[in-house]
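Chains, contacts and geometry: an overview
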Amino acid sequence: MVRVKEMERRDKMVLPGDFLGTSEEFIPGTGVYDHGGNLYASYIGDVSIGSNRVINVIPRVDTPPTIEEGDVVIGQVVDIKDNVAIVNIGCVKGKESREVAAPGQGIIHISNVRNGYVTELQQEFGYLDVVKARVIDAKTLRLSTKAKDLGVIKAMCMKCKRDLKRKGNVLTCDRCKHVETRKLSEDYGKGLI
Ligand code: ZN
């Protein structure tokens with residue numbers, strides 16, 4: 001594992017598992033995963049750092065999608081509309097020993113969030129949340145989080161960007177005491193994929 005030095009971070013080619021920096025320095029974007037506050041590349045690609053401190057790994061080679069119906073994927077919520085949450089898929093669980101090249105964007109429709117009626121999607125997901133979801137349609141990449149182990153596994157405070165801690169059925173921020181709700185996976189905060 002090679003640390004990418006400050007000067008070499010931009011446009012540097014990295015390999016899966018290469019250390020990119022810490023979550024204090026950057027917000028993990030596509031192709032980057034967070035393990036204990038350290039950020040690593042998910043696949044081979046070039047490092048790109050956005051103006052908002054979002055660090056991404058851009059794949060050099062387009063790997064064909066290998067996602068099938070029933071697969072469990074890990075991704076990051078990049079947009080929340082009235083009826084759908086858009087998820088950048090980062091890896092497919094169990095398919096590889098490591099995460100695989102980003103195959104695209106999945107969609108969680110409001111009807112596939114949980115068993116029960118959802119009135120506001122903003123109460124279930126937050127921007128840049130890491131979610132674990134099941135593929136219910138591989139062609140259109142429709143996803144579902146309707147199971148105990150599925151849902152948000154990592155989230156940060158909307159106000160101060162700290163990792164939120166689970167307290168019962170809600171998430172709270174240690175720093176600013178902000179309380180947020182999510183469709184939580186039972187694996188929230190365990191660092192498990
Ligand atoms: Zn906070």
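Residues numbered from 1 in each chain as written. Predicted model: local features only at pLDDT ≥ 70, side-chain atom pairs only at ≥ 80, totals over all residues. Heavy atoms only, no water.

**Thoughts on unusual backbone geometry**
- A positive phi angle, close to 75°, is found at L128, a residue other than glycine.
- By relative accessible area, which is 10% here, L128 ends up buried.
- Even without being glycine, L141 reaches a positive phi, approximately 55°.
- What makes L141 buried here is its relative accessible area of 11%. (Buried < 20%, exposed > 50% of the residue type's maximum accessible area, 1.4 Å probe, protein only.)

**Brief notes about the sheet that holds strand β7 (residues 54-59)**
- Across the sheet, four strands lie side by side as β1-β6-β7-β3; this open sheet has mixed pairing. With one partner strand each, in any of the chains shown, β1 (13-14) and β3 (27-28) form the two edges of the open sheet.
- Pairing analysis gives two bridges linking β3 to β7, with the strands arranged parallel. Following the sheet pairing, I27 is matched in β7 by V54. (Pairing = 2+ DSSP bridges. Helix = DSSP H or I, 4+ residues; strand = E, 2+ residues; numbered from the N terminus.)

**A look at the coordination of the zinc ion**
- Coordination of the zinc ion by the protein comes from C157 (SG), C160 (SG), C173 (SG) and C176 (SG), over a distance range of 2.3 Å.
- In the primary structure, the donors to the zinc ion are separated according to the pattern C-x2-C-x12-C-x2-C. In this pair, C160 is assigned in the loop between β13 (151-154) and β14 (165-167) and C173 in the loop between β15 (170-172) and β16 (179-180), connecting sequence segments 13 residues apart. (Donors = N, O, S within 2.8 Å, 3.2 Å for Na, K, Ca; no water.)

**Observations regarding the packing of aromatic side chains**
- Considering all chains together, one arrives at two aromatic pairs under this definition.
- Relative to Y40, the ring of F19 lies with its centre 5.8 Å away and its plane at 65°, an arrangement referred to as edge-to-face. Here the residue F19 occupies a position in strand β2 (residues 19-22), and Y40 occupies one in strand β5 (residues 38-41), the gap between them amounting to 21 residues. Judged on exposure class, the residue F19 and its partner Y40 are both buried.
- Ring plane angle 35° and centroid distance 5.6 Å describe the contact between Y33 and Y40, whose orientation is recorded as tilted.
- Judged by relative accessible area, which is 15%, Y33 ranks as buried.
- Site record: aromatic cluster; members linked through ring pairs are F19, Y33 and Y40. (Phe/Tyr/Trp six-rings, centres within 6.5 Å; stacked < 30°, edge-to-face > 60°.)

**Here's the deal with the side chain of Q76**
- When you line up the elements, Q76 lands in strand β8 (residues 72-80).
- Among the polar contacts listed, one links the side chain of Q76 to the backbone oxygen of P28, at a separation of 3.1 Å.
- Among all residues touching Q76, those that are not within four sequence positions of it are P28, G29, I86, V87, N88, L128, D129 and V130. (Polar contact = N/O pair within 3.5 Å; in protein donor to acceptor, adjacent residues only side chain to side chain. Contact = heavy atoms within 4.5 Å.)

**Here we look at the pairing of strand β9 (residues 84-92)**
- Most of β9 sits out of view: nine of its nine residues are buried.
- The sheet contact formed by β8 and β9 spans seven bridges and is antiparallel. Paired with G75 across the bridge in β9 is I89.

**Section: the pattern of salt bridges**
- As enumerated under the stated definition, the model contains nine salt bridges in all.
- With a closest N to O distance of 2.8 Å, E124 and R114 form a salt bridge. Note that E124 is positioned in the loop between β10 (104-109) and β11 (130-137) and R114 in the loop between β10 and β11, a separation of ten residues in sequence. (Salt bridge = Lys/Arg side-chain N within 4 Å of Asp/Glu carboxyl O.)

**Notes on the environment of Y40**
- On the basis of relative accessibility, which here comes to 11%, the residue Y40 falls in the buried class.
- Sequence separation of Y40 and G17 is 23 residues, and the distance between their C-alpha atoms is 5.2 Å.

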